[in-house]
Amino acid sequence: MKSANDLIHSVGRGVQSAGRSAQSLFKRRIPPGSSPGTLVVHPDAPKPRIFVLDFDSNNLNEREIQDVSELSSFRDSNTVTWIDVQGLGDVELIGRLGEIFGLHRLALEDAVHTGQRAKVESYDDHLFIIARMILLREHLETEQVSFFLGPNWVLTFQEKPGDVFEPVRQRIRGGRGKIRTGGTDYLTYALLDAIVDHYFPVLEAYGDQLAGLEERVVSSPDYGVLMQIYALKRDLLSLRRAIWPAREAFNSLVRDESELIQKETVTFLRDCYDHAVQVIDLVENYRELSTGLMDAYLSGVSNRMNEVMKVLTVIATIFIPLTFVAGIYGMNFNPERSPWNMPELNAYFGYPLAILGMLGIGIGLVVFFRKKQWF
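These numbers come from a predicted model, not from an experiment.

Draft legend 1. Structural context of the sheet that holds strand β7 (residues 153-158). Strand order in the open sheet formed by 7 strands is β2-β1-β3-β7-β6-β5-β4, with mixed pairing between adjacent strands. In this open sheet, the two strands that pair with only one neighbour each are β2 (60-65) and β4 (119-122). Taking the axes of each pair of neighbouring strands and ignoring which way they run, one obtains an average angle of 20 degrees across the sheet. As paired elements, strand β5 (residues 127-136) and strand β6 (residues 140-149) share 10 bridges and run antiparallel to each other. Bridge assignment links phenylalanine 128 to a residue of β6, and that residue is phenylalanine 148. Contacting β1 (49-55), β3 (80-86) and β7, helix α2 (residues 91-101) crosses the sheet at an angle of about 165 degrees to β7. Of the strands in this sheet, β1, β3, β5, β6 and β7 are in contact with helix α5 (residues 183-197), which crosses β6 at around 175 degrees.

And the structure:
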């Protein structure tokens, strides 16, 4: 798991790449009119790698599977088996997995057609759960993780290698806590809890980012700040889309009885539901803060513009009477033709008096504006 500083730097890089953080959660690649259960994967999806952790309270067998047929022995074993499929780039392999473990074809379709909302579906001998995992790499990414919970096995399908499950693997390897004796339902809870818990350091990084943006909005608002606020709002929207349906999914696991979930595990799932609610509250608070930052930025820019306009208006107002005086004495009517034709042009101190008069007008206006607190 990344440290808080690494997450903050990742957020900083992410908000600088406008548009890349917003990922579509509802992109379908199935041709219209296809039969139910059709499996179509993205052409750029990585080839699957299958990792198995088979364990009980005393023994642990961890290895990478090269041949799918090797998994048949785990279906009816007396141990708990976690089969982790990382990558969805092989339709035949995934279909073969579905045949071995008797996975419902519609559930398998949702597993490979990423972009689903978090949900829970119950089938004859297994539960199908979808959750969304968030990762901070170059920018914020949300990734679908599909769970198939059986009597003594758990299958997880990830879009690509790299996840937040390493602490769970370490607990299994070390035999710490209840993970080695809790059964498949507790293992599923532990994986779901790891997904939800990973939201908190990410949100902490976004909180620090909001604090930094708040200081910049107050001290030196510029266009770069505006773009970072927009990118941050997009990321928070992606987080909201990822976690909001998960709350209902966890509530369904807690509320609906299933033979595959023991009563003891329901208590732990309830805690997972509470964490999801906390994440939603944080996301909503941060969205409100980002909206407030946007308003503060616009207000700050408007105030700065008003200050600039006020200064320019004061300067223009000072020079208006000076321009008036200079314009009058620039008309150059011949005083020899008439005593009314600008006799000041023949005054001995006419020029210095005109300059002093304009200077006095300017100083008087400055003093007047300062008394009115306009300047």
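Draft legend 2. Just a nonpolar patch on the surface, in detail. A contiguous nonpolar surface patch, about 810 Å² in accessible area, is contributed by Tyr348, Phe349, Leu353, Leu356, Leu359, Ile363 and Val367. Residue leucine 353 is classed as exposed on the basis of its relative accessible area, which comes to 55%.

Draft legend 3. Layout of the pattern of salt bridges. Under the counting rule described, the total for this entry stands at 17 salt bridges. Among the salt bridges present, the one from arginine 96 reaches glutamate 99, with a minimum N-O distance of 3.5 Å. Taken together, the residues span about one helical turn, with arginine 96 and glutamate 99 both in helix α2 at a distance of 3 residues. A salt bridge links arginine 287 to glutamate 284; the nearest nitrogen and oxygen atoms lie 4.0 Å apart. Taken together, the residues span about one helical turn, with arginine 287 and glutamate 284 both in helix α8 (residues 263-328) at a distance of 3 residues.

Draft legend 4. Just the side chain of arginine 132, in detail. With respect to the helices and strands, the residue arginine 132 is situated in strand β5. One polar contact links the side chain of arginine 132 to the main-chain carbonyl oxygen of glutamine 116, over a distance of 3.1 Å. Only 3.4 Å separates the side chain of arginine 132 from the backbone oxygen of threonine 142, close enough to count as a polar contact.

Draft legend 5. Up close: the nonpolar core. Formed by 62 residues in total, the largest nonpolar core has its most connected members in Phe147, Phe165, Leu187, Ile195 and Leu239. Not counting the four nearest positions on each side in its chain, isoleucine 195 is found in contact with Ala131, Arg132, Met133, Val145, Phe147, Val164 and Phe165. Within the second largest apolar cluster, 28 residues are counted, among which are Val68, Phe74, Ile100 and Trp153.

Draft legend 6. Region of interest: the packing of helix α4 (residues 166-174) against α5. It is the contact of α4 with α5, at a shortest axis distance of 9 Å, that shows an interaxial angle of 145 degrees. Along its contact with α4, which presents Val168, Arg171 and Ile172, the element α5 presents Tyr186, Leu187, Ala190, Leu191 and Ala194. Looking at side-chain class alone, the contact of α4 with α5 contains 7 nonpolar, no polar and 1 charged residues.

Draft legend 7. View of α8. Given a rise of 1.5 Å per residue, 66 residues ought to cover 98 Å, and the 97 Å separating the end C-alpha atoms of α8 matches this to within 8%. By the largest-angle criterion, isoleucine 320 marks the main kink of α8, which is about 25 degrees, and a proline, proline 321, follows within four residues.

Draft legend 8. Inspection of the environment of glycine 162 at higher detail. With respect to the helices and strands, the residue glycine 162 is situated in the loop between β7 and α4. Between the alpha carbons of glycine 162 and leucine 135 there is a distance of 8.8 Å; along the sequence they are 27 residues apart. In this view, glycine 162 contacts Gln86, Met133, Leu135, Arg137 and Glu143; residues no more than four positions away in its chain are not counted.

Draft legend 9. Examining the packing of aromatic side chains more closely. All chains considered together, the criterion is met by 8 aromatic pairs. Judged by centre distance (5.2 Å) and plane angle (90 degrees), the ring pair of tyrosine 186 and phenylalanine 268 falls under edge-to-face. One end of the pair, tyrosine 186, is in helix α5; the other, phenylalanine 268, is in helix α8, with 82 residues separating them in the sequence. On the basis of relative accessible area, tyrosine 186 is assigned to the buried category, the value being 7%. Geometrically, the ring pair formed by tyrosine 189 and phenylalanine 268 is tilted, given 5.4 Å between the ring centres and 45 degrees between the ring planes.

Draft legend 10. Quick peek at the packing of helix α6 (residues 199-219) against α8. Contact geometry for α6 and α8: axes closest at 11 Å, N-to-C directions at 15 degrees. On the basis of their axis angle, the class for α6 and α8 is roughly parallel. Between α6 and α8 lies a crossing whose hand is left-handed. Taken together, the residues of α8 that come into contact with α6 (itself represented by Tyr199, Phe200, Leu203, Gly207, Leu210, Leu213, Glu214 and Val217) are His275, Gln278, Val279, Leu282, Val283, Tyr286, Leu289, Ser290, Leu293, Ala296 and Tyr297. Classifying every residue of the contact of α6 with α8 gives 14 nonpolar, 4 polar and 1 charged.

Conventions adopted
Residues numbered from 1 in each chain as written. Predicted model: local features only at pLDDT ≥ 70, side-chain atom pairs only at ≥ 80, totals over all residues. Heavy atoms only, no water. Pairing = 2+ DSSP bridges. Helix = DSSP H or I, 4+ residues; strand = E, 2+ residues; numbered from the N terminus. Axes fitted to C-alpha atoms, helices over the stretch in contact; angles between N-to-C directions. Contact = heavy atoms within 4.5 Å. Patch = residues over 30% accessible without salt bridge, like charges linked within 9 Å, V, L, I, M, F, W, Y side chains within 5 Å. Areas by Shrake-Rupley, 256 points an atom, 1.4 Å probe, with all protein chains shown as cover. Salt bridge = Lys/Arg side-chain N within 4 Å of Asp/Glu carboxyl O. Buried < 20%, exposed > 50% of the residue type's maximum accessible area, 1.4 Å probe, protein only. Polar contact = N/O pair within 3.5 Å; in protein donor to acceptor, adjacent residues only side chain to side chain. Core = buried A, V, L, I, M, F, W, Y, C linked by side-chain atoms within 4.5 Å. Nonpolar A, V, L, I, M, F, W, Y, C, P; charged D, E, K, R; others polar. Expected span 1.5 Å × (residues − 1). Bend = angle between axes of the 7 residues up to and from the residue. Phe/Tyr/Trp six-rings, centres within 6.5 Å; stacked < 30°, edge-to-face > 60°. Parallel < 35°, antiparallel > 145°, perpendicular 65-115°, else oblique. Left-handed = near helix turned anticlockwise from the far one by under 90°.

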